[in-house]
Structure formats: structure tokens, C-alpha cells
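# Chains, contacts and geometry: an overview
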Amino acid sequence: KKVVKKEINRQIQINRWANATDEEKLKWLKNNKGTRGKGCYYFCKLINKNIWLRSSYEKEFAEWLDKNNVKWLYESKRFNIKKLNSTYTPDFYVPYLNKYFEIKGHWYESSKEKFIAFRNEYSNVNIGIIYREQLDYLSRLPLKGKRAIS
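All values reported here derive from a predicted model rather than from experimental measurement.

With that settled, consider the nonpolar core. Phe61, Leu65, Trp72, Phe92 and Ile130 are the most contacted members of the largest nonpolar core, which totals 19 residues. With five residues, the single largest contributor to this core is helix α3 (residues 56-67). Residues Phe79, Trp107, Val125 and Ile127 belong to the second largest nonpolar core, which totals twelve residues.

Among the structural elements, Leu53 can be located in strand β2 (residues 49-53). A relative accessible area of 0% places Leu53 in the buried class. Residues Leu53 and Asp91, spaced 38 residues apart in sequence, show a C-alpha to C-alpha distance of 8.9 Å. Discounting residues that sit within four places of it in the chain, Leu53 has contacts with Gly39, Cys40, Tyr42, Glu58, Lys59, Ala62 and Tyr74.

With respect to the helices and strands, Phe43 occurs in strand β1 (residues 40-44). The spatial distance from the C-alpha of Phe43 to the C-alpha of Glu63 is 9.1 Å, given a sequence separation of 20 residues. In this view, Phe43 contacts Asn48, Lys49, Asn50 and Asp66; residues no more than four positions away in its chain are not counted.

As a further point, take the pattern of salt bridges. Per the stated rule, a full pass over the model turns up four salt bridges. Glu75 is paired through a salt bridge with Arg54; the nearest N and O atoms lie 2.7 Å apart. With a gap of 21 residues between them, Glu75 in the loop between β3 (73-74) and β4 (79-81) and Arg54 in the loop between β2 and α3 connect regions that are remote in the sequence. When its relative accessible area of 24% is taken as the criterion, Glu75 is described as partly exposed. Its salt-bridge partner being Lys112, residue Glu109 comes within 3.5 Å of it at the nearest N-O pair. Placement of both Glu109 and Lys112 in helix α4 (residues 109-121) is noted, with a separation of three residues, approximately one turn of the helix. By relative accessible area, Glu109 is classed as exposed at 59%.

Each value, and the rule that gives it
- Residues numbered from 1 in each chain as written.
- Predicted model: local features only at pLDDT ≥ 70, side-chain atom pairs only at ≥ 80, totals over all residues.
- Heavy atoms only, no water.
- Core = buried A, V, L, I, M, F, W, Y, C linked by side-chain atoms within 4.5 Å.
- Buried < 20%, exposed > 50% of the residue type's maximum accessible area, 1.4 Å probe, protein only.
- Helix = DSSP H or I, 4+ residues; strand = E, 2+ residues; numbered from the N terminus.
- Contact = heavy atoms within 4.5 Å.
- Salt bridge = Lys/Arg side-chain N within 4 Å of Asp/Glu carboxyl O.

Below, the structure is given as C-alpha cells:
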């Protein structure tokens, strides 16, 4: 029920955004700084499009990637996890590195279990975890720091 409710709320936000005037969108984007653990829209300059991100940590990572002109995709692939009869979707994919990234401020037990099952079933997939502390470090790096995330 929680997943369905979250998806409904997400769709409501998307519909509000789609029906908003340019002036309303600009005002909302200026006022929206993002909050930890809560979703927000982020304007990706590389593709000239607004993207709904699930947390401000993800927003910070997206900003860092954009500042460094690194192309990225958000939640671009869903993997089936047979053992759990579930799916797993990594937060980011960076084609330049052929690598997925999971951004974590906190690990819930269910998230840990799903990630471990994913790693066991898809051991050939290149994925890294970026924790809050690493994200803080990345934000202090000079621009053009693509190697920092490899």
C-alpha cells in the first residue's frame, strides 16, 4: 500500500508540473532546494529537461555530474530479482564509465537485502555505492573530476 501511495503522490506531482505555467515552474524551482529523503525536481542542463529525483542526495550527485559535463541517466534500468520476487532499480547510470550508482544516506534493512540479492544475481553489473560522506567529498572536488567516481 505504501508503494502504491508513493507512486500516486509522484504522479500527482508530475501532473501538477505538467499543467503549471512557466512562471509557476520557475517560482517552484527557485524555492525548491530539496530536502534529505524527499523528492524534488532537478533541471538537467545536459538534456534540457526536468527530472524527478527521490532525494536531495541524488540531486547533489546530479548537480556534480552536470558541473563536470558527465552524461547520466536516472533510474534507467530495472533488474528482476528472482530470489526475492522483486525488482531493483539503481539510482544513476553513467555511460562514460558503464557503471551504475546507488546514492545512500541511510540503509534500511529491506534496501540492504535487495541490494545484496541484486549483487549476487547480477555480479557482472558494474555498480558503486556513494554514501553521504563521499558525496560531501565529491562536492569539494575541483571540476572535471570524472576520475573521482570511477
